[in-house]
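# Remarks on the overall topology
The chain contents come next:
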Amino acid sequence: IKRYLIHLLRGGKHMSISLDHVDKIIERTKVSYKEAKDMLDACQGDVVEAIIRIEQDQQSKAEQAETEKKQAFESKKQNIEGQLKFWAKQFMKM
């Protein structure tokens, strides 16, 4: 009750988070119960907003992972090219 009153005093609206709400989010986004509940709390119980935010977070993480993968590939490619140039020079000296 105390947390609810503090929430109302801070201008928050009443939010009812049920297991059904959490399950809907998990079903659509494949996140954990904790992640789903935390996002519902952050979205003041708005299931659609919680799903949208989770999907945006997932998209951002996927884009970041793709960028990191491309950077790692380019780094390895440059390393291999450098080694090939070195060995080509060594071979030409023979």
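Residues numbered from 1 in each chain as written. Predicted model: local features only at pLDDT ≥ 70, side-chain atom pairs only at ≥ 80, totals over all residues. Heavy atoms only, no water.

## Considerations on the pattern of salt bridges
- Under the counting rule described, the total for this entry stands at four salt bridges.
- Ionic pairing is found between Arg53 and Glu49, a salt bridge with its closest N-O pair at 3.2 Å. Residue Arg53 and its partner Glu49 are located together in helix α4 (residues 47-93), separated by four residues, close to a single helical turn.
- When its relative accessible area of 30% is taken as the criterion, Glu49 is described as partly exposed.
- Lys69 is the partner of Glu66 in a salt bridge, and the nearest nitrogen-oxygen pair spans 3.7 Å. One end of the pair is Glu66 and the other is Lys69, both in helix α4 and three residues apart, which spans about a single turn.
- Assessed through its relative accessible area of 35%, Glu66 is described here as partly exposed. (Salt bridge = Lys/Arg side-chain N within 4 Å of Asp/Glu carboxyl O. Helix = DSSP H or I, 4+ residues; strand = E, 2+ residues; numbered from the N terminus. Buried < 20%, exposed > 50% of the residue type's maximum accessible area, 1.4 Å probe, protein only.)

## Section: the confidence of the model for the protein chain
- Across the protein chain, pLDDT averages 88, with 84% of residues at or above 70.
- The secondary structure element of the protein chain with the lowest average pLDDT is helix α1 (residues 2-9), at 64, and the one with the highest is helix α2 (residues 19-29), at 95. (pLDDT = per-residue confidence, 0-100.)

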